[in-house]
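Chains, contacts and geometry: an overview
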Amino acid sequence: MVGAMLPFMISTLILYPLFWLPVVHSESTTWNTNSEHQTVGENLGSRLCIEESDTQTMPRHPSTDWGLQMVQGRDEMYKAILRDDAVAKLYHLGKISDADGYLERTFLSHASIQASSVIRGWMEDAGLTTWVDQMGNVHGRTEGMNASAEALLIGSHLDTVIDAGIYDGSLGIICAISAMKVLKMSGMLEKLRRPVEIIAFSDEEGVRFQMTFLGSAAISGVLPVTSLHVSDKSGLTLADVLKENHFEATEESLLHLKYDPMSVWRYIEVHIEQGPVLESLGVALGVVEGIAGQTRIRVTVIGSQGHAGTVPMSMRRDPMAASAELIVMLEDLCKHPENKINHDRESKGFIKEAFAGSVVCTVGQISSWPSASNVIPGQVTFSVDVRASEDRAREAIILELENEMHQICNRRSVSCFLELKHNAEAIRCDKELSLQLKNAAQIAVKSISGDIGDNIPILMSGAGHDAMAIAHLTKVGMLFVRCRGGISHSSAEHVMEDDVWAASLAVLEFLQTQMNE
């Protein structure tokens, strides 16, 4: 593999001397967050200096010493941008929160507006022209050598879940900005053969309005105008919130956000894996093959509210007990779909064995009214999240879930109502684009940790990403980044510094393919 890489490395050194990085050993795979905090706190400027031991190992001609120092200083500068500065930015964004003691940043909240301003400043520092659109998405763009060419979009989201980690969403934005900053400092930004636009999407998680992909769906033109009338828990509609932040919040302004597909070349996104596969394989980066389809449903069960001490068990119409049975039924259905799915009817010819292992179902929210310990609830509401890599499998599960729910509710003399909150089809990433990302990832990982052969894994994503919405606009590709224990949507979420470096360097390597030779 080393021999095979040599011609590439030589040609890269000749064509792009400013991008060559020496092979160095990565940090230990032992997770040590204390050492990372120390690294982030160091003076980044000191990393541009050359250690005396590096230049005094043997006598050299003064011009040789100067040339060596220039190369080493340049490489240290790029490392400072792609790793150290990127990690520092992640920690900085992680402190911008609407809550005390944990990270929470939802659509157009005070913290979201503050984070948008910070990100916009970083984009401008990287040489990009910036603006904020009518859905609060932050854009940073360079026109390259041909402003009329189709643009490459790079994006991820700036919003978070409640009690979030600092890497989900933010990592993809910062890796892209870091790569562009290197291009600016090396004088290569204007040599891109097409425009490149970074987008920090205002909402992907859907925490505030229970609607995912507000930012990216608006860009791709799949966000319905009826979304403007959806309310958050406080009763404010999406239109209200937009107007509060000086956006137009009209159907016309929403429709105007849609990009012309003819103006977009491709979309790429870097994101933490949010799963344990890369860590188990000992690899920093992976290429995403596709993203599972998702259906979110709100289930409301209505019974008869009563006194906990006076209503006999045999006479109760208890929506809480009914909900408990419904939730256990859902778990069994998704664990063993082959026991429930009618192959000829629900699956529409789909091989039912393929359901096993491809479907996951979750109840993540549940509430009752009036929610008192001495009262039989009158109403229970809970969420259902169903995901599958095959849309036909997911649709069959939803149909069977509906049938089973109504049977249980009828038997228990309670009423059940199902409300569809979100539905997204599974997507497949573009094969050619994925191959280019795999090559870029392989070069990046090799530059940092040594020869890894062809060991860049191909993964499916069970989590939803902005790429799902943008797939309605253009072809998409994604890179996953290893995270500790596969933990995400948690304050325990963590990515090693060298893995941040590898992700930023992979974006930079990919951008090199967009240079005019």
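Residues numbered from 1 in each chain as written. Predicted model: local features only at pLDDT ≥ 70, side-chain atom pairs only at ≥ 80, totals over all residues. Heavy atoms only, no water.

**A few points about the overall build of the chain**
- Helix and strand counts for the chain come out as 15 helices and 16 strands.
- Counting over 517 residues, the chain shows a buried share of 53%.
- Restricting the contact set of the chain to residue pairs at least 6 apart, pairs at least 24 apart contribute 78%.
- If you sum the accessible surface of the chain, you get close to 22900 Å²; carbon and sulfur atoms cover 53% of it. (Helix = DSSP H or I, 4+ residues; strand = E, 2+ residues; numbered from the N terminus. Buried < 20%, exposed > 50% of the residue type's maximum accessible area, 1.4 Å probe, protein only. Contact = heavy atoms within 4.5 Å. Areas by Shrake-Rupley, 256 points an atom, 1.4 Å probe, with all protein chains shown as cover.)

**Quick word on the layout of surface pockets**
- Here the largest pocket defines a volume of roughly 1400 Å³.
- Taken together, 45 residues form the lining of the largest pocket, with Glu205, Gly206, Gln210, Arg296 and Gln365 sitting closest to its centre.
- When residues of the lining of the largest pocket are traced back to their parent elements, those giving at least two are β7 (293-302), β9 (359-362), β10 (366-369) and β12 (379-388).
- Per-element accounting of the lining of the largest pocket gives the leading share, 6 residues, to β12.
- For the lining of the largest pocket, the per-class residue count stands at 12 nonpolar, 21 polar and 12 charged.
- Of the pockets and cavities examined, the second largest pocket occupies roughly 450 Å³.
- In terms of lining residues, the second largest pocket is bounded by 22 residues, among which Thr212, Phe213, Val222, His422 and Asn423 are the most central.
- Those elements that provide at least two residues to the lining of the second largest pocket are β13 (415-424) and α14 (466-470).
- With 6 residues, β13 is the single largest residue contributor to the lining of the second largest pocket.
- For the lining of the second largest pocket, the class distribution of residues is 14 nonpolar, 5 polar and 3 charged. (1 Å grid on protein atoms, 1.4 Å probe; cavity = no way out; pocket = protein on both sides within 12 Å on 5 of 7 lines; lining within 4 Å. Points joined across faces, edges and corners; volume = space filled by probe spheres on them. Nonpolar A, V, L, I, M, F, W, Y, C, P; charged D, E, K, R; others polar.)

**Things to note about the state of the cysteines**
- The full count for this structure, using the stated rule, is 2 disulfides.
- Between Cys334 and Cys361 runs a disulfide, and the two sulfur atoms are separated by 1.7 Å. Its torsion about the S-S bond being -70°, the disulfide of Cys334 and Cys361 is classed as left-handed. With Cys334 in helix α11 (residues 319-335) and Cys361 in strand β9, this pair connects stretches of sequence that are 27 residues apart.
- Note on cysteine connectivity: Cys409 is disulfide-linked to Cys416, with sulfurs 1.5 Å apart. Taking the sign of the torsion about the S-S bond as the criterion, the disulfide between Cys409 and Cys416, at about -40°, is left-handed. (Disulfide = S-S within 2.5 Å.)

**So, the environment of Arg120**
- Position of Arg120 relative to the elements: it lies in helix α5 (residues 110-125).
- The class of Arg120 is partly exposed, set by a relative accessible area of 30%.
- Through-space distance from the C-alpha of Arg120 to that of Ala200 is 9.1 Å; in sequence the pair is 80 residues apart.
- Setting aside its immediate chain neighbours within four residues, Arg120 contacts Thr130, Trp131, Val132 and Val138.

**So, the packing of helix α6 (residues 170-185) against helix α15 (residues 497-512)**
- Two elements in contact, α6 and α15, have axes whose closest approach is 8 Å; the angle formed by their N-to-C orientations is 55°. Classified by the interaxial angle, the pair formed by α6 and α15 is oblique. The crossing of α6 and α15 is right-handed. On the side of α6, the interface is formed by Leu171, Cys175, Ala176, Ser178, Ala179, Met180, Val182 and Leu183, while α15 contributes Val500, Ala503, Ser504, Val507, Leu508 and Leu511. (Axes fitted to C-alpha atoms, helices over the stretch in contact; angles between N-to-C directions. Parallel < 35°, antiparallel > 145°, perpendicular 65-115°, else oblique. Left-handed = near helix turned anticlockwise from the far one by under 90°.)

**Considering the packing of aromatic side chains**
- Inspection of the entire model under this criterion finds 2 aromatic pairs.
- On the basis of an interplanar angle of 70° and a centroid distance of 6.1 Å, the ring pair of Phe107 and Phe209 is categorised as edge-to-face. In this pair, Phe107 is assigned in the loop between α4 (62-94) and α5 and Phe209 in the loop between β4 (196-201) and α7 (214-220), connecting sequence segments 102 residues apart.
- Judged by relative accessible area, Phe107 falls into the buried class, the value being 0%.
- Relative to Tyr267, the ring of Phe201 has its centre 6.4 Å away and its plane inclined at 45°; by these criteria the two rings are tilted. With a gap of 66 residues between them, Phe201 in strand β4 and Tyr267 in strand β5 (residues 264-272) connect regions that are remote in the sequence. Taken as a pair, Phe201 and Tyr267 share a single burial class, namely buried. (Phe/Tyr/Trp six-rings, centres within 6.5 Å; stacked < 30°, edge-to-face > 60°.)

**Some points on the environment of Ser323**
- With respect to the secondary-structure elements, Ser323 resides in helix α11.
- Look at Ser323 and you get buried, because its relative accessible area is 0%.
- Remark: the alpha-carbon pair of Ser323 and Met405, spanning 82 residues in sequence, is separated by 9.3 Å.
- A polar contact of 2.7 Å, which involves the side chain of Ser323, links it to the backbone oxygen of Pro319. (Polar contact = N/O pair within 3.5 Å; in protein donor to acceptor, adjacent residues only side chain to side chain.)

**What to know about the confidence of the model for the chain**
- On average, residues of the chain score 85 in pLDDT, and 81% of them reach the 70 mark or higher.
- For the stretch residues 66-71, pLDDT sits under 50, and the model shows 4 contacts to residues farther than four places along the chain or on other chains.
- Scored below 50 in pLDDT, residues 344-348 shows 12 contacts in the model against residues more than four places distant or in partner chains. (pLDDT = per-residue confidence, 0-100.)

**A short note on α15**
- Here α15 is 16 residues long and its end C-alpha atoms lie 23 Å apart, about the 22 Å a rise of 1.5 Å per residue gives.
- Counting buried positions along α15 yields 16 of 16 residues, so the element is predominantly enclosed. (Expected span 1.5 Å × (residues − 1).)

**Notes on the side chain of Asp168**
- By the secondary structure assignment, Asp168 is in the loop between β3 (151-157) and α6.
- Summary of buried charges: Asp168 has no salt-bridge partner, and the nearest side chain of opposite charge, Arg105, is 9.3 Å away.
- Reaching out from Asp168, the side chain makes a polar contact with the side chain of His271 at a distance of 2.8 Å. (Lys, Arg positive; Asp, Glu negative; His and termini not counted. Salt bridge = Lys/Arg side-chain N within 4 Å of Asp/Glu carboxyl O.)

**Things to note about unusual backbone geometry**
- Pro370 follows Trp369 through a cis peptide bond whose omega is 10°.
- Among the structural elements, Pro370 can be located in the loop between β10 and β11 (375-376).

**Regarding the pattern of salt bridges**
- Evaluated as defined, the whole model comprises 21 salt bridges.
- For Arg208, the salt bridge is made with Asp232, and the minimal N-O distance between the two is 3.0 Å. Here Arg208, found in the loop between β4 and α7, pairs with Asp232, found in the loop between α7 and α8 (238-244); they are 24 residues apart in sequence, far enough to count as distant. For the pair Arg208 and Asp232, a shared accessibility class is recorded, and that class is buried.
- As a salt-bridge pair, Lys475 and Asp430 come within 3.9 Å of each other at their nearest N and O atoms. A residue pair is termed long-range when its members are at least 10 positions apart, and Lys475 in the loop between α14 and β16 (476-481) and Asp430 in the loop between β14 (427-428) and α13 (431-449) qualify at 45 residues.
- A residue is classified by how much of its surface remains accessible, and Lys475, at 43% relative accessible area, is partly exposed.
- Among the ionic contacts, a cluster of salt bridges with common partners joins Arg83, Asp84, Glu497 and Asp498.

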